[in-house]
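Topology and contacts: notes
Listed below, chain by chain, are the residues.
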Amino acid sequence: MSQPTSNTRLRSARHAAGYRSQQELATALGVGVRQVRRWESENPPWPHPDLQQALTELLGQDMESLGFTPPAGRDRPDPVRRSLVGASVAAVGLAAVPMQSAVAMQPASVAADFEAVTRSHRRLYWSVAPATLHPTAVAHAALGCALLTETAGQTRRAVAAALAESYLLAARVEFFDLRDADRAGKTYLLALQAAGQADDPLLGSAILAHCAFIPAWVGERDAAVERMVAARTYARRGPASADLLAWLDAVEAECETRCGNTRTALHLIGHAEDVLAAGTEHKSPAWLDWFTAVRLAAFKGNTQLKAGHLPQARTTLLGVLDELPRTEDKQRTVIYGDLAAVEAAAGNPEAACEYACRALDQLEVTWYAMGMDRVREVRRALAPHQHDQCVRDLDERLYGWATTVSALAR
């Protein structure tokens, strides 16, 4: 017997959006499964206006694309008006991360496949050279933008969340590794747009907090504070974990330190320590892999250094060095650099040069611009001792062939 004809457009859109059964879609819409069954029949009835809106939002296509025919006398959607709406969106800069389109839809499995690559890039960040990883992450983000036009509903939101994370990773490489703040700012904006389409406030919070680093690095405190206020507002919209809340304190502390407000920074770090100690029932998102209690201690040691609390900074940073996991090679260069700065400030040039050379050893294995910046700051601080043999030996390392070529190549 032949199969009865049905509304295959709606059924295909339902599957593409991640609703595997009619019951799942009915539950999402708040209607009975019998209603969805009627919509997927050969002659689907025209839904009520509120259900029309819910269907188009969940499935990402207009009513005609979903297989519905407007009753006689009802106006069809105006394609000119739709194009004007699209143009207005582009005019305010929101077209870089695309909206849905009426092209053929991808299967729901595309979200898991795209997310798997995003997770791999997240792990590779800690070992792969940034100049090598960056173009791959950007290309992956371009694929995510294409997939957004071919997915809907739950599938589209999952793709958008992974896309936001990919853009965030690319921007972090641009800012922390490649030292291109202007480019990073634009990429953070793309990440924020994608997080908005995923309706993921915690990702939005993380992106906004990263954005605060950009003005803070050049001493623009007001702009940094404004972005941190936005980041905390987004964090309140979701089930924020203790790690995320403490990291926000740590970021703001770093911004205050960069702007010369070390007392405020130390207060924020103390609050972060209290937050971690108290904990919450909420788990941290998988992408929050750049922050731990040890990382918070590293923030603290740097702030103590900048505040002139040298014995405390030395104790804190040595403790971090002991507890830092073996996989944290990038962070290790920063800790060596900060310890070198402590010894330089304390008038111990030989110890400062020893730590600086350890940082250079690690940089030859795992490049990190932040680590090299720390070493160069130490060398400037050692200017009064530039004729000492230990400083000359450091210069031989700092401007050796391997280190110089490595720095210029990245």
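Close approach of charged atoms allows side chains of opposite charge to pair. Within this structure, the stated rule accounts for 18 salt bridges. Here Lys 330 makes a salt bridge to Asp 177, at a shortest N to O gap of 3.3 Å. One end of the pair, Lys 330, is in helix H16 (residues 329-345); the other, Asp 177, is in helix H8 (residues 153-177), with 153 residues separating them in the sequence. Each member of the pair, Lys 330 as well as Asp 177, carries the same accessibility label: buried. Salt bridges linked by common partners bring Arg 232, Asp 249 and Glu 252 together as one network.

Over its 16 residues, helix H6 (residues 109-124) extends 23 Å from the first C-alpha to the last, a length consistent with the 22 Å expected when each residue adds 1.5 Å. Those residues of H6 lying buried are Val 110, Ala 111, Phe 114, Thr 118, His 121 and Arg 122. Down the axis of H6, the buried set is contained in an arc of 115°. They therefore lie on one face. In H6, the exposed residues that point more than 90 degrees away from the buried face are Asp 113 and Arg 123.

As a further point, take the packing of aromatic side chains. Tallied over the full model, the rule gives nine aromatic pairs. For the ring pair Tyr 125 and Trp 126, a centre distance of 4.9 Å and an interplane angle of 75° mean the geometry is edge-to-face. The pair formed by Tyr 125 and Trp 126 is uniform in burial state, with each residue classed as buried. Note on Phe 176 and Trp 217: the rings are 6.4 Å apart at their centroids and 80° apart in plane angle, and the pair reads as edge-to-face. Taken together, the positions of Phe 176 in helix H8 and Trp 217 in the loop between helix H10 (201-216) and helix H11 (221-236) put the pair 41 residues apart, joining distant regions of the chain. Joined through ring pairs, the aromatic side chains of Phe 175, Phe 176, Phe 213 and Trp 217 make up one cluster. Over the ring of Trp 217 we find Arg 258; its NZ or CZ atom is 3.8 Å from the centre of that ring.

Rules used throughout
For every chain, the first residue of the written sequence is number 1, and numbering continues from 1 along that sequence. Thresholds applied to this predicted model are a pLDDT of at least 70 for local features of residues and 80 or more for the giving and counting of side-chain atom pairs; totals over whole chains, interfaces and linings are not thresholded and use all residues. Excluding hydrogens and water, the side-chain figures rest on all heavy atoms present in the structure. The rule for a salt bridge is simple: a side-chain nitrogen of Lys or Arg has to be within 4 Å of a carboxyl oxygen of Asp or Glu. In DSSP terms, a helix is any run of H or I states spanning at least four residues, a strand is any run of E spanning at least two, and both are numbered starting from the N terminus. Only protein chains enter the calculation, and the probe is 1.4 Å; a residue is then buried if its accessible area is under 20% of its type maximum, exposed if over 50%, and partly exposed in between. A helix is expected to span 1.5 Å for every residue after the first. By arc we mean the arc of the directions from the helix axis to the C-beta atoms, nothing more. The aromatic pairing rule takes the rings of Phe, Tyr and Trp, using the six-membered ring of Trp, and pairs them if the centres are within 6.5 Å, calling planes under 30 degrees apart stacked, those over 60 edge-to-face and the rest tilted. Only Lys NZ and Arg CZ are tested; either one counts as a charge over a ring when it is within 6 Å of the ring centre and within 35 degrees of the ring normal.

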